[in-house]
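The lines below spell out each chain.
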Amino acid sequence: MLSTSKSTHDFDPLDELLKPPADETEEDRLIRLAQEAEARRISLQIDESIKAERQQQKKKSVVRLLLLGQSESGKSTTLRHFQRLYTPSAFREERILWRSVIQLNIVRSVRTILDALSNVRLPPVDSGGEDSDDGSPHIPHDLDLLKMRLTPLRHIEALLIAKLIPPSEDEAASFVATSSVSLFQSHRSRSTERSSRNQEVFVRPGATWKGALAKTSHSDARPTSLEDTGITTKDEAQEVLRSCTNDIISLWNDKFVREVLRRRKIRLEELPGFFLNDLGRVTALDFIPSDDDVLRARLKTVGVSEYRCEMEAAAGREQGTEWRIVDVGGSRPVLATWVPFFDDVDAIIFLAPISGFDQVLAEDRSVNRLEDSVLLWKAVCSNRLLANVDLVLFLNKCDILDAKLTSGIRLSRYVRSYGDRPNDLETASKYFRSKFSAIHREYSPLPRKFYGFCTSVTDTTTTAGILASVRDMVVRRHLKQSKLL
Ligand SMILES: Nc1nc2c(ncn2[C@@H]2O[C@H](COP(=O)(O)OP(=O)(O)OP(=O)(O)O)[C@@H](O)[C@H]2O)c(=O)[nH]1
Ligand SMILES: [Mg+2]
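Since the structure is predicted, the reported quantities are computational estimates derived from the model, not experimental observations. (Residues numbered from 1 in each chain as written. Chains lettered and ligands numbered in written order. Predicted model: local features only at pLDDT ≥ 70, side-chain atom pairs only at ≥ 80, totals over all residues.)

Asks: I'm lost on the overall build of the protein in this one. Help?
Replies: Along the backbone of the protein there are 20 helices and eight strands. Burial analysis of the protein (485 residues in total) assigns 33% to the buried set. When contacts within the protein are restricted to residue pairs at least 6 apart in sequence, long-range pairs at least 24 apart make up 76% of them. (Helix = DSSP H or I, 4+ residues; strand = E, 2+ residues; numbered from the N terminus. Buried ≥ 20, exposed ≤ 12 C-beta atoms within 10 Å, placed from the backbone. Contact = placed C-beta atoms within 7 Å.)

Put into structure tokens, the structure is as follows:
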């Protein structure tokens, strides 16, 4: 027998409920269809807006921060601080890679001393410098011997440069070759003859050089993480440095050398990448750089690159927020290089190394460093593209400023308007803060709040607190602009 009813499988109670009434008129049918179409439209609209909101949320969790300032102002050091605080395990893993940079910094410090000793034209000093027949002083004999024993450092220097700058960095070489000081070329072609003080090893910011080093680290059977501490390395540079340690210490502590440096106004301790007071520790074969060592190491940045970090769990409540921090090499001419990065930026940290009041730029020795920072600050404050961007000012290298003032260097000799104010850190930093704040007020196209900090970004403790304030400020403002707060 044939059944006319639906099987239980086919029965859908919802269909039953939604199906049009059996006696539906044509007019009712049209109204019903119109209502159903409208309901579908609204549902689609809701889906779309949920999707858009999700995308917006994704976009909102990216914070863009730009680091600006002249060369050696501390931009890359500040970036390393961010890495240390917010991606601590990645930072720890990479510490060993900085050992080569520290080795090169030591070699460079020795070269600075040896360069200062060459062509010494000084009256005899207590430690034994004697006039030769032609009236120019002799370098004491023991120093001459020391110099000879330190010859292997030349080989180490070349080795380290080759290690830090892989051949693929030719592009960086051509960039520098066109700039006012041809650093790279001078390494390659005239490295042994020229004064080393202006010659710096540079890298593009970001991971390229670390990648290259990590590879050589493996092939050298060197440790790449802290878990491997305590091993004896096959690191040639470290071994040579170890064997030269006592000679370098003798050179650095030599009274004649100190006198030459003093007369030449070379304050080696205040130059970037100074490790001569830590030689026993940093040349140990199982040396792994500490956080402080990484922050003190000097590696010049050329070009511009974006560093991305996602807050790790240990970093606290902003876990998952992506920070994009742009580190810009600070060699002149800089402003034109910076402008493309002004778009879409949430905040700028501008570093002005106020200890540079008595120094000139390495790349243009006719320009005073402080004056250069002030001009750059004016340009950044008055830039219309940045009218709505928060500017955070770091009056950096306060520790060096303090050391200079304490040693008797008078600020008013270099900054006339400082007048007869007390020659101490507190007064000087207040003075600079008010000057930079006045420029900010006067030159900003629209009124905005001034955030100014006196910093020593190589100091982990104080900088951590300052960066936490900056981070909170940036995130708060970012969320406010995204209307999440
Ligand atoms: N004593 C001291 N040294 C600092 C301070 N800030 C940075 N330095 C050191 O100065 C050197 C230069 O700092 P970097 O962070 O490399 O400077 P930068 O602005 O990135 O320079 P470029 O890459 O040339 O643009 C490094 O050796 C730092 O360790 C500071 O506040 N005090
Ligand atoms: Mg840098």
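Asks: Explain the nonpolar core to me, please; I cannot follow it from the model alone.
Replies: Side chains of a nonpolar character, in soluble globular proteins, are inclined to be buried together. Among the nonpolar cores identified, the biggest contains 50 residues, and Ile348, Ile349, Phe350, Val380 and Leu395 are the most heavily contacted of them. Once residues within four sequence positions are removed from consideration, Ile349 is found in contact with Leu65, Leu67, Thr78, Val392, Phe394 and Val470. Counting residues in hydrophobic clusters, the runner-up holds 33 residues, among them Leu104, Val107, Val110 and Leu153. (Core = buried A, V, L, I, M, F, W, Y, C linked by C-beta atoms within 7 Å.)

Asks: What exactly am I supposed to notice about the UniProt feature "binding site: GTP" (unreviewed entry) in the protein here?
Replies: UniProt tags Leu295, Arg296, Ala297, Arg298, Leu299, Lys300, Thr301, Asn396, Lys397, Cys398 and Asp399 as "binding site: GTP" (unreviewed entry). These annotated residues cover 105 residues of sequence, and their C-alpha atoms sit far apart, with the largest distance between any two at 22.7 Å. By the element assignment, Ala297 lies in the loop between helix H14 (291-296) and strand S3 (300-301). When residues no more than four places from it in sequence are discounted, the contact partners of Ala297 are Trp98, Val101, Ile102, Asn105 and Gly273. Structurally, the position occupied by Asn396 is in strand S7 (residues 390-396). Setting aside residues no more than four positions away along its own chain, Asn396 makes contact with Ser73, Gly74, Leu351, Ala352, Pro353, Thr455 and Val457. (UniProt positions renumbered as here; feature names shortened; annotations may be inferred.)

Asks: It is not clear to me how the sheet that holds strand S4 (residues 304-310) should be interpreted in this structure. Could you clarify?
Replies: Each strand in a sheet pairs with another by means of backbone hydrogen bonds, the pair being arranged parallel or else antiparallel. Taken in spatial order, the six strands make up an open sheet running S4-S5-S1-S6-S7-S8, and their pairing is mixed. For this open sheet the edge positions go to S4 and strand S8 (451-454), each flanked by a neighbour on one side alone. Ignoring which end each strand starts from, the neighbouring axes of this sheet average 20 degrees apart. Of the pairings in the sheet, the one linking strand S1 (residues 62-69) to strand S6 (residues 347-353) comprises five bridges and is parallel in character. When the sheet's bridge partners are listed, Leu67 is paired in S6 with Ile349. Contacts from helix H16 (residues 369-382) reach S1, S6 and S7, with the element oriented near 160 degrees to S6. (Pairing = 2+ DSSP bridges. Axes fitted to C-alpha atoms, helices over the stretch in contact; angles between N-to-C directions.)

Asks: Help me understand the site of ligand 1 in this model?
Replies: Near ligand 1 there are 25 residues, and of these Gly74, Pro272, Arg298, Thr301 and Gly330 occur at the shortest range. Looking at which element gives the most residues to the shell around ligand 1, the answer is helix H3 (residues 75-86), with three residues. Within the shell around ligand 1, the residues separate by chemical class into four nonpolar, 14 polar and seven charged. (Near = placed C-beta within 6 Å. Nonpolar A, V, L, I, M, F, W, Y, C, P; charged D, E, K, R; others polar.)

Asks: It is not clear to me how helix H12 (residues 255-263) should be interpreted in this structure. Could you clarify?
Replies: Every α-helix carries 3.6 residues per turn, so stepping three or four residues along brings you back to the same face. Listing the buried residues of H12 in full gives Phe256, Val257 and Val260. Buried residues of H12 fall within an arc of 100 degrees about the axis and therefore sit on the same side. Positive backbone phi, at 55 degrees, marks Lys265, one or two positions downstream of H12. (Arc of directions from axis to C-beta.)

Asks: How do you make sense of the UniProt feature "binding site: Mg(2+)" (unreviewed entry) in the protein when you look at a structure like this?
Replies: UniProt feature "binding site: Mg(2+)" (unreviewed entry): in the numbering of this structure it lies at Thr301. Tracing the backbone through its elements, the reader meets Thr301 in strand S3. Residue class for Thr301 comes out buried when judged on the 22 C-beta atoms lying within 10 Å of it.

Asks: Help me understand the environment of Ala284 in this model?
Replies: Secondary-structure assignment places Ala284 in the loop between helix H13 (279-282) and H14. As a C-alpha pair, Ala284 and Ser243 span 41 residues in sequence and 9.9 Å in three-dimensional space.

Asks: Sorry, what's going on with the packing of helix H5 (residues 98-117) against helix H11 (residues 236-253) here?
Replies: Following both chains from N to C, one finds H5 and H11 inclined at 35 degrees, their axes separated by 11 Å at the closest point. H11 is crossed by H5, and the crossing has left-handed handedness. Counting all contacts with H5, which are made through Ser100, Gln103, Ile106, Val110 and Ile113, the residues of H11 involved are Ala237, Gln238, Leu241, Ile248 and Leu251. Tallied by class, the residues present in the contact of H5 with H11 amount to seven nonpolar, three polar and no charged. (Left-handed = near helix turned anticlockwise from the far one by under 90°.)

Asks: What is the right way to look at unusual backbone geometry in this model?
Replies: Glycine aside, the phi torsion of most residues is negative, and most peptide linkages are trans. Notably, Lys265 is not glycine yet its phi reads approximately 55 degrees, a positive angle. Structurally, Lys265 can be placed in the loop between H12 and H13.

Asks: Any chance you could explain the environment of Asp292 here in plain terms?
Replies: Position of Asp292 relative to the elements: it lies in helix H14. We classify Asp292 as exposed; it has 12 C-beta atoms within 10 Å. As a C-alpha pair, Asp292 and Ile249 span 43 residues in sequence and 21 Å in three-dimensional space.

Asks: Looking at this structure, I do not really get the packing of H5 against helix H7 (residues 152-164). What am I missing?
Replies: The axes of two packed helices give the description: the angle between them and the distance between them. H7 packs onto H5 with a crossing angle of 140 degrees between their chain directions and a minimal axis gap of 10 Å. In terms of axis orientation, H5 runs oblique to H7. As H5 packs across H7, the resulting crossing turns out to be left-handed. Residues Ser100, Gln103, Leu104, Val107 and Val110 of H5 lie in contact with H7, whose contacting residues are Leu153, Ile156, Glu157, Leu160, Lys163 and Leu164. Per-class residue counts for the contact of H5 with H7 are seven nonpolar, two polar and two charged. (Parallel < 35°, antiparallel > 145°, perpendicular 65-115°, else oblique.)

Asks: Sorry, what's going on with H3 here?
Replies: Between its first and last C-alpha atoms H3 spans 17 Å; for 12 residues at 1.5 Å apiece the expected length is 16 Å, and the two agree. Across the 12 residues of H3, 11 count as buried, placing the element largely inside the fold. For H3, every residue scored as buried is listed here: Lys75, Ser76, Thr77, Thr78, Leu79, Arg80, His81, Phe82, Arg84, Leu85 and Tyr86. (Expected span 1.5 Å × (residues − 1).)

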